[in-house]
There are 2 protein chains.
Amino acid sequence: MPQKDPSLTDLPPGVAIAWGLDRPSTRGAKAELSPARIIEVAIRLADKEGLAAVSMARVAKDLGFTTMSLYRHLRSKEELLVLMVDAAFGDPDLAAPEVGDRAEPDWRTATRRWAKAIEQRYREHPWILDYPVTGPPASPNELLWLEQLLRALAPTTLTASEKLNSALMLANLVRSSTRMELDVADNDTPDAFEAYVGLLFQLLDPEQHREVLGLFSDPELAVMEDAGDELSFALERYLDGMEALMARRGSGADQPG
Amino acid sequence: MPQKDPSLTDLPPGVAIAWGLDRPSTRGAKAELSPARIIEVAIRLADKEGLAAVSMARVAKDLGFTTMSLYRHLRSKEELLVLMVDAAFGDPDLAAPEVGDRAEPDWRTATRRWAKAIEQRYREHPWILDYPVTGPPASPNELLWLEQLLRALAPTTLTASEKLNSALMLANLVRSSTRMELDVADNDTPDAFEAYVGLLFQLLDPEQHREVLGLFSDPELAVMEDAGDELSFALERYLDGMEALMARRGSGADQPG
DNA sequence: ATAAACTGTTTATGCTATAAACAGTTTATG
DNA sequence: CATAAACTGTTTATAGCATAAACAGTTTAT
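In the annotation of an unreviewed UniProt entry, the entry for chain A reads TetR/AcrR family transcriptional regulator, and the organism field reads Paenarthrobacter nitroguajacolicus.

Here it is in structure tokens:
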């Protein structure tokens, strides 16, 4: 962990490394390990066995080093996790098709595209969803994703704080929808769903829980016609909501919250 | 942990206890401890020192018993957490004012009321937000909250699966908005925000991150005029979106997602 | 040549959840 | 009534966790 500049020491975990602020060391034995190698192996492990399997000891073992060797390159496990998540998000190369389709997409299309793209990353590395969001993004790829979303919203008439709020909510929406879809995909055999509903009917008071029971008795639900499209549904609702705000704004009208 | 009925053993953690399915034991020494007492002390601890402070050893110590004594009443720490969360949500006594204001509120008002009420519970027990949502609700109070939300949505023209999707998304929306607001309230001195923005300007390439930098330079943001109202903003957007769907539905028109 | 800076290992600490065995207590059953 | 079953709480023990501290070896700047 080469770090002479003391100002780097008190940056949030992962920031210094993710941004390449730690200058390479000149003295000392040449390192066999590196943050990048550690992160790569840790991500492979998380992909295969989930985030719970990622311990410092296990990652080190997979690398063929001792546990403590990792601490020469990472300040803490927290730092490892931050860097794993950022690397797993990766660069959002939403390369606009330059030739042929030269028209800028409207903000809804661009936002939808963004949502599907980040959903894909969640599906490739579902364990990202097990790492709780701490605060505003400070790592390179997360900021690139935010940038892309803000570019999608740029043509709108939203104010700055409306844009920021919307962007954060859209990110949350994709995150929680995808989490729900993956949870369901993991646990829901047809049996499990029926077992759940059966349990509800056993436990719930039909009077006190009439809506819940009514809903789960609805034949439409059993068909699960739109299963796996919770994201689209939620997204379109939210986009409609943004559009309604802009329409009100555009027509000069204004209404209290 | 009195449990003779073996069918109770393989219910999800917390379900048997939360629903009072474990019949009281007749033989044996009378218990000094009980799930309720343990949960109560654990919640007090979490309220004061956060969820991270809640270990079996610490809870037992606060109770004046040995660590292992807890396992006579709870099958695992997971079970304790499930029961803590359900107890912390509590009963949603959204008592409709019976006299005088006898008019049923419209669905938007009712939903808004629900959202503010559950937000209040999050604020009283912020550590609920640190416990990840696992699957569909199966504990009594969580189901009561779901019931109340479904009652708010009952008068709408949404289909069953649209209602369920909307309810789950509204729950997610309140959860993540409140989490954001609390995170900000915890960490954001004016200094911290400026430090964050300063860091961004140091690290980001003005070309590659023009929208992010532009946004954070916007004087409107610095004022933080709508700080602490992320929930209302997101909620009204989503409600508008639901309304737009119903309007389209009502006018017979239909559009592809 | 020497000292500084770095890498990786060994050893150790204190925390975590929880399994297993045991002692004591109450009650249902012979 | 005696005994066995069922329960409660304690003691002891284990395996895992993150990470601090000391140490040995290596490379390079001085």
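1. Quick word on the relation of the copies chain A and chain B
Superposition record for chain A on chain B: RMSD 0.0 Å, screw rotation 180 degrees, translation along axis 0.0 Å. The superposition operator between the copies reduces to a two-fold rotation axis. Considering only C-alpha atoms, the residue of chain A closest to the rotation axis is G241 of chain A, which sits at 2.0 Å. Of the residues that chain A buries at the interface, 99% are likewise interface residues in chain B, meaning the two copies contact each other through the same surface.

2. Some points on the interface of chain A and chain B
In many reports, interface size means the accessible area that the parts give up when they come together. In this assembly, 67 residues from chain A lie in contact with 66 residues from chain B. Both sides of the chain A and chain B interface together cover about 5,500 Å² of buried area, and 66% of this is carbon and sulfur. At the junction of chain A and chain B, the tally comes to 2 salt bridges. Among the ionic pairs, R248 of chain A bridges to D240 of chain B, the shortest N-O distance being 3.0 Å. Counting across the chain A and chain B interface gives 22 residue pairs in polar contact (both at pLDDT 80 or more). Elements that contribute at least two residues to the side of chain A that touches chain B include exactly α7 (140–153), α8 (160–187), α9 (190–203), α10 (210–217), α11 (219–223) and α12 (230–250) of chain A. If one sorts the elements of the side of chain A that touches chain B by residue count, α8 of chain A sits on top with 16 residues. Residue composition of the side of chain A that touches chain B, grouped by class: 36 nonpolar, 13 polar and 18 charged.

3. Examining the protein's contact with DNA strand C
With respect to spatial proximity, 29 residues lie near DNA strand C, and among them E32, T66, R72 and H73 of chain A together with R27 of chain B are the closest. Considering DNA strand C, the proportion of its atoms within 4 Å of the protein that are sugar or phosphate atoms stands at 66%. Separating a phosphate oxygen of DNA strand C from a backbone N or O atom of M56 of chain B is a distance of 3.2 Å. In this structure, K77 of chain B approaches DNA strand C through a side-chain N or O atom, which is 3.0 Å from a phosphate oxygen. Considered class by class, the residues forming the surface near DNA strand C number 11 nonpolar, 10 polar and 8 charged.

4. Focus on the pattern of salt bridges
Summed over the entire model, instances satisfying the criterion amount to 35 salt bridges over all chains. Here E147 of chain B ties to R151 of chain B by a salt bridge, and the two come within 2.8 Å at their closest N and O atoms. Of this pair, E147 of chain B and R151 of chain B are both found in helix α7 (residues 140–153), 4 residues apart, which corresponds to roughly one turn of the helix. The shortest N-O distance in the salt bridge between E162 of chain B and R249 of chain B comes to 2.8 Å. Remark: R249 of chain B occurs in helix α12 (residues 230–250) and E162 of chain B occurs in helix α8 (residues 160–187); sequence separation between them is 87 residues. Exposure remark for E162 of chain B: the relative accessible area of 12% places this residue in the buried category. Within this structure, R108, R112, E236, R237, D240 and E243 of chain A together with R248 of chain B form a network of salt bridges that share partners.

Here is what the cut-offs are and how they apply
Residues numbered from 1 in each chain as written. Chains lettered and ligands numbered in written order. Predicted model: local features only at pLDDT ≥ 70, side-chain atom pairs only at ≥ 80, totals over all residues. Heavy atoms only, no water. Least-squares fit on C-alpha atoms with pLDDT ≥ 70 in both. Contact = heavy atoms within 4.5 Å. Buried area = accessible area lost by both parts, 1.4 Å probe. Salt bridge = Lys/Arg side-chain N within 4 Å of Asp/Glu carboxyl O. Polar contact = N/O pair within 3.5 Å; in protein donor to acceptor, adjacent residues only side chain to side chain. Helix = DSSP H or I, 4+ residues; strand = E, 2+ residues; numbered from the N terminus. Nonpolar A, V, L, I, M, F, W, Y, C, P; charged D, E, K, R; others polar. Near = heavy atom within 4 Å. Buried < 20%, exposed > 50% of the residue type's maximum accessible area, 1.4 Å probe, protein only.

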